[in-house]
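The lines below spell out each chain.
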Amino acid sequence: FCGHEVVGIVMSSKSAKFHPGDAVMALPSSYFKAHAGSKQEWFREEVHGVLLQDFPVRGGFCQVYTSHELYAYKIKECVPKVLAAQGLGTVLRMARKLGSVLGKTVVVVGLGQNGLIATRLMSQLCARSVIAVEPIEYRRNLALKFGANCAHHPNEALAVIQSMTEGRGADVVLEMVGHNQLTINDALDYVAC
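Predicted, not measured: the structure shown is a model, and the values here were computed from it.

Caption draft 1: Examining the overall build of the chain more closely. The number of helices and strands found in the chain is 7 helices and 7 strands. Secondary structure elements of the chain, listed N to C terminal, follow the sequence β-β-α-α-β-α-β-α-β-α-β-α-β-α. In the chain, which comprises 193 residues, the share counted as buried stands at 42%. Relative to all contacts within the chain whose residues are 6 or more apart in sequence, the contacts with residues 24 or more apart total 58%. Split by element, the accessible area of the chain, about 11300 Å² in all, is 54% carbon and sulfur.

Caption draft 2: Quick peek at the sheet that holds strand β7 (residues 172-175). One open sheet accounts for 4 strands, arranged β6-β5-β4-β7; its pairing is parallel. The sheet is open, and its two borders are formed by β6 (150-152) and β7, each paired with just one other strand. Direction aside, neighbouring strands of the sheet carry axes that sit 20° apart on average. One ladder, built from 4 bridges, connects strand β4 (residues 105-109) with β7; its direction is parallel. Paired with Val 107 across the two strands is Val 173, which belongs to β7. In the packing of helix α5 (residues 137-145) onto the sheet, contacts are made with β5 (129-133) and β6, and the angle to β6 comes to roughly 165°. On the sheet, helix α6 (residues 154-164) packs against β4, β5 and β6 and is oriented at approximately 140° with respect to β6.

Caption draft 3: Fine view of the packing of helix α4 (residues 113-124) against α5. Taken N-terminus to C-terminus, the directions of α4 and α5 make an angle of 25°; their axes are 9 Å apart at the nearest point. By the angle between their axes, α4 is roughly parallel relative to α5. The handedness of the crossing between α4 and α5 comes out as right-handed. Between α4 and α5, the residues in contact are Leu 116, Thr 119 and Arg 120 and Arg 139, Leu 142, Ala 143 and Lys 145, respectively.

Caption draft 4: Here's a closer look at the sheet that holds strand β2 (residues 23-26). Read across the open sheet, the 3 strands follow the order β1-β2-β3; overall the sheet is antiparallel. This sheet does not close on itself; its edge strands, each paired only once, are β1 (6-9) and β3 (72-74). Ignoring strand direction, the axes of neighbouring strands in this sheet form an average angle of 30°. Sheet analysis places β2 next to β3, joined by 3 bridges and oriented antiparallel. By the bridge assignment for β3, Ala 26 is matched with Ala 72.

Caption draft 5: Spatial organisation of the side chain of Asp 22. Within the secondary structure, Asp 22 sits in the loop between β1 and β2. Judged by its relative accessible area of 18%, Asp 22 falls in the buried class. Of the polar contacts made by the side chain of Asp 22, one reaches the backbone nitrogen of His 19; its length is 2.7 Å. The contact partners of Asp 22, leaving out residues within four places of it in the chain, are Gly 8, Ile 9, Val 10, Lys 17 and Lys 74.

Caption draft 6: View of the pattern of salt bridges. For the coordinates displayed, the defined rule picks out 4 salt bridges. A salt bridge links Asp 22 to Lys 74; the shortest N-O distance between them is 3.5 Å. Note that Asp 22 is positioned in the loop between β1 and β2 and Lys 74 in strand β3, a separation of 52 residues in sequence. In this structure Lys 74 comes out as partly exposed when scored by relative accessible area, which is 48%.

Caption draft 7: The nonpolar core, seen in detail. Val 106, Val 108, Met 122, Ala 143 and Leu 174 are the most contacted members of the largest nonpolar core, which has 20 residues in total. Those elements that place two or more of their residues in this core are α3 (85-98), β4, α4, β5 and β7. No other element matches the 5 residues that α4 contributes to this core. Those residues in contact with Ala 143, other than ones at most four positions away along the chain, are Leu 111, Leu 116, Thr 119, Ala 132, Ala 148 and Ala 151. Within the second largest apolar cluster, 12 residues are counted, among which are Val 109, Val 133, Val 160 and Ala 170.

What counts, and at which threshold
- Residues numbered from 1 in each chain as written.
- Predicted model: local features only at pLDDT ≥ 70, side-chain atom pairs only at ≥ 80, totals over all residues.
- Heavy atoms only, no water.
- Helix = DSSP H or I, 4+ residues; strand = E, 2+ residues; numbered from the N terminus.
- Buried < 20%, exposed > 50% of the residue type's maximum accessible area, 1.4 Å probe, protein only.
- Contact = heavy atoms within 4.5 Å.
- Areas by Shrake-Rupley, 256 points an atom, 1.4 Å probe, with all protein chains shown as cover.
- Pairing = 2+ DSSP bridges.
- Axes fitted to C-alpha atoms, helices over the stretch in contact; angles between N-to-C directions.
- Parallel < 35°, antiparallel > 145°, perpendicular 65-115°, else oblique.
- Left-handed = near helix turned anticlockwise from the far one by under 90°.
- Polar contact = N/O pair within 3.5 Å; in protein donor to acceptor, adjacent residues only side chain to side chain.
- Salt bridge = Lys/Arg side-chain N within 4 Å of Asp/Glu carboxyl O.
- Core = buried A, V, L, I, M, F, W, Y, C linked by side-chain atoms within 4.5 Å.

Below, the structure written as structure tokens:
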């Protein structure tokens with residue numbers, strides 16, 4: 001497999017957006033060429049056609065790989081502790097589709113890798129409050145360090161959310177567990193309707 005959402009340092013760039021030494025998270029050319037080549041419903045020739053031009057194709061598991069500015073994001077720094085690149089890419093894409101959370105109440109359900117990344121991102125994007133929901137205590141404690149205003153066990157979450165929103169419910173609920181019908185149903189209970 002070619003690998004995707006890989007963290008690295010720019011060695012050389014033809015783009016004005018990126019310079020040697022920049023820390024980035026990027027999709028390697030092998031990944032986006034495969035997807036652009038399929039010309040799925042999101043494909044727009046004027047935007048993505050450049051991805052089908054001839055240039056070196058290398059996968060994300062190579063020591064050096066190529067990418068395109070459409071599929072690269074600058075990150076603050078590149079440290080060996082950043083191992084959750086795929087999760088980071090997933091959450092960044094979700095946040096772009098979600099739009100502004102400025103002044104909104106956001107609930108994050110599930111505080112695994114992606115849930116903690118989402119907690120941090122929602123906090124940094126100026127959500128009015130970020131409420132973390134997780135049954136495991138050490139993950140709730142981590143969520144507070146990642147920027148959650150409060151973190152609660154699922155058994156008490158609905159009452160807390162209702163209290164903090166004066167009975168309205170959350171503006172945004174991010175269900176980050178992804179495999180449990182119960183948490184999806186809980187998320188529907190948490191959101192304002």
